[in-house]
Amino acid sequence: MSNAKTPTNEERISSDNIPQDPAEGTPSYEAFFVPPAQAERGNGVMVLPSKWGVTSSVKNYCYELSDLGYSVIAPQVLQGPLPLEERTADELLEQADPNLMVDAVRSSLHALRSYSLDPKKPVTIIGFGMGASLAIWASERLFDSVNLCVAYYGSQDINFEDSQSEYLLNFAKDDEYTSEDDANFCYSNLKVSGKEAEVHWFDAKHDFMEKELPNYNQAAATQAWQDTLTIVQRVNS
């Protein structure tokens, strides 16, 4: 048995604003970064938050992935303080510049690969809500950089001809933001493109994964996260 000391969460936080090393002329973005618990570098996992930003729940998911040996980054896609009310979160999302959101994903992906065990190896992306839509987008548009996309209550209506990723799509049966039609259309596009995709439906509402939010559902979140860890470890083994 190893006598190595397990770092505390605080010791494992390299920085809340790591160097993104973006292309010249591209702005940098705040990001929450956690290296592997027992190593200097590991395979990369990006966690893209919902409109609520990098909450304590998102950070805790990052820590769990770190415990499994991954280098993990969670960019603050929507800049500014975390919203405290749904209306404020919706307004931030409505006012956000889609180009800047995409830049944040690209920049953070670049940084994550540079901090990973093998910078040439594609990474896994896990997204919630808004972050799920961005994760699905990235799996196709940045196809050579993503090996697995796990999306929670978010979708896209794009084709997936170039994607090299596997997919795990998690949807809530009672979702005012992502309809059943949206979910099924996204899944259909994946299957038409011949992609490996699983869809899991949960008896829950939008935002069921985050404890801070009113729609948190412990049973659904526990099962969905265990499914996520299983596929993340399989794809990255």
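Calculation rules
Residues numbered from 1 in each chain as written. Predicted model: local features only at pLDDT ≥ 70, side-chain atom pairs only at ≥ 80, totals over all residues. Heavy atoms only, no water. Helix = DSSP H or I, 4+ residues; strand = E, 2+ residues; numbered from the N terminus. Buried < 20%, exposed > 50% of the residue type's maximum accessible area, 1.4 Å probe, protein only. Contact = heavy atoms within 4.5 Å. Areas by Shrake-Rupley, 256 points an atom, 1.4 Å probe, with all protein chains shown as cover. Disulfide = S-S within 2.5 Å. Salt bridge = Lys/Arg side-chain N within 4 Å of Asp/Glu carboxyl O. Pairing = 2+ DSSP bridges. Axes fitted to C-alpha atoms, helices over the stretch in contact; angles between N-to-C directions. Right-handed = clockwise from strand over helix to strand, strands pointing away. Phe/Tyr/Trp six-rings, centres within 6.5 Å; stacked < 30°, edge-to-face > 60°.

Colleague: Could you give an account of the overall build of the protein, naming the residues involved and the relevant values?
Modeller: Per the secondary structure count, the protein includes 7 helices and 7 strands. When the helices and strands of the protein are placed in sequence order, the string is α-β-β-α-β-α-α-β-α-β-β-α-β-α. Expressed as a percentage of the 237 residues in the protein, the buried residues total 53%. Restricting the contact set of the protein to residue pairs at least 6 apart, pairs at least 24 apart contribute 66%. Surface exposure of the protein reaches about 11400 Å², of which carbon and sulfur atoms provide 46%.

Colleague: Before we move on, can you summarise the state of the cysteines with the specific residues and values?
Modeller: Covalently bonding the sulfur atom of one cysteine to the sulfur atom of another cysteine gives a disulfide. Applying the stated criterion to the full structure yields 0 disulfides. Free cysteine: Cys149, not disulfide-bonded; nearest cysteine sulfur from Cys186 at 8.2 Å. You can call Cys186 buried: its relative accessible area is 0%.

Colleague: Can you lay out the pattern of salt bridges for me, pointing to particular residues and giving the numbers?
Modeller: Counted under the stated rule, the structure contains 3 salt bridges. Glu86 is the partner of Lys51 in a salt bridge, and the nearest nitrogen-oxygen pair spans 2.7 Å. Within this pair, whereas Lys51 is found in the loop between β2 (44-48) and α2 (56-67), its partner Glu86 is found in helix α3 (residues 86-95), the two being separated by 35 residues in sequence. Among the salt bridges present, the one from Glu140 reaches Arg141, with a minimum N-O distance of 3.9 Å. Taking the relative accessible area as the measure of exposure, Arg141 reaches 40% and is therefore partly exposed.

Colleague: Explain the environment of Gln233 to me, using residue names and the numbers behind them.
Modeller: As for its placement among the helices and strands, Gln233 is situated in helix α7 (residues 218-235). The spatial distance from the C-alpha of Gln233 to the C-alpha of Leu65 is 9.7 Å, given a sequence separation of 168 residues. Beyond its immediate stretch of four places on either side in the chain, Gln233 contacts Leu68 and Tyr70.

Colleague: Could you give an account of the sheet that holds strand β3 (residues 71-75), naming the residues involved and the relevant values?
Modeller: One open sheet holds the 7 strands; their spatial order is β1-β3-β2-β4-β5-β6-β7, and the pairing between them is mixed. Both outer strands of the open sheet, β1 (31-34) and β7 (197-205), are each paired with one neighbouring strand and no more. Mean inter-strand twist for the sheet, computed between neighbouring axes without regard to direction, equals 15 degrees. Note that strand β5 (residues 146-152) and strand β6 (residues 166-174) share 5 bridges and pair parallel.

Colleague: I'd like a rundown of the pairing of β7, residues and numbers included.
Modeller: Relative to β7, β6 runs parallel, the two being bridged by 7 bridges. Bridging across to β7, Asn170 finds its partner in His200. Crossover connection from β6 via helix α6 (residues 180-192) to parallel β7: handedness right-handed.

Colleague: Would you mind going over the environment of Pro83 in detail, with residue names and values included?
Modeller: Relative to the helices and strands, Pro83 is located in the loop between β3 and α3. Sequence separation between Pro83 and Lys51 is 32 residues; the distance between their C-alpha atoms is 8.3 Å. In this view, Pro83 contacts Lys51, Trp52, Thr88, Ala89 and Leu92; residues no more than four positions away in its chain are not counted.

Colleague: Would you mind going over the packing of aromatic side chains in detail, with residue names and values included?
Modeller: In this structure the tally under the stated criterion is 11 aromatic pairs. Residues Tyr152 and Tyr153 carry aromatic rings whose centres are separated by 6.3 Å and whose planes lie at 55 degrees to one another, so their mutual orientation is tilted. Overall, the relative accessible area of 0% leaves Tyr153 in the buried class. Look at Phe171 and Trp201: their rings are 5.2 Å apart centre to centre, the planes differ by 40 degrees, and that puts the pair in the tilted class. Linking Phe171 in strand β6 with Trp201 in strand β7, this pair joins segments that are 30 residues apart in sequence. Of the aromatic side chains, those joined through ring pairs into one cluster are Tyr61, Phe128, Tyr152, Tyr153, Phe202, Phe208 and Trp225.

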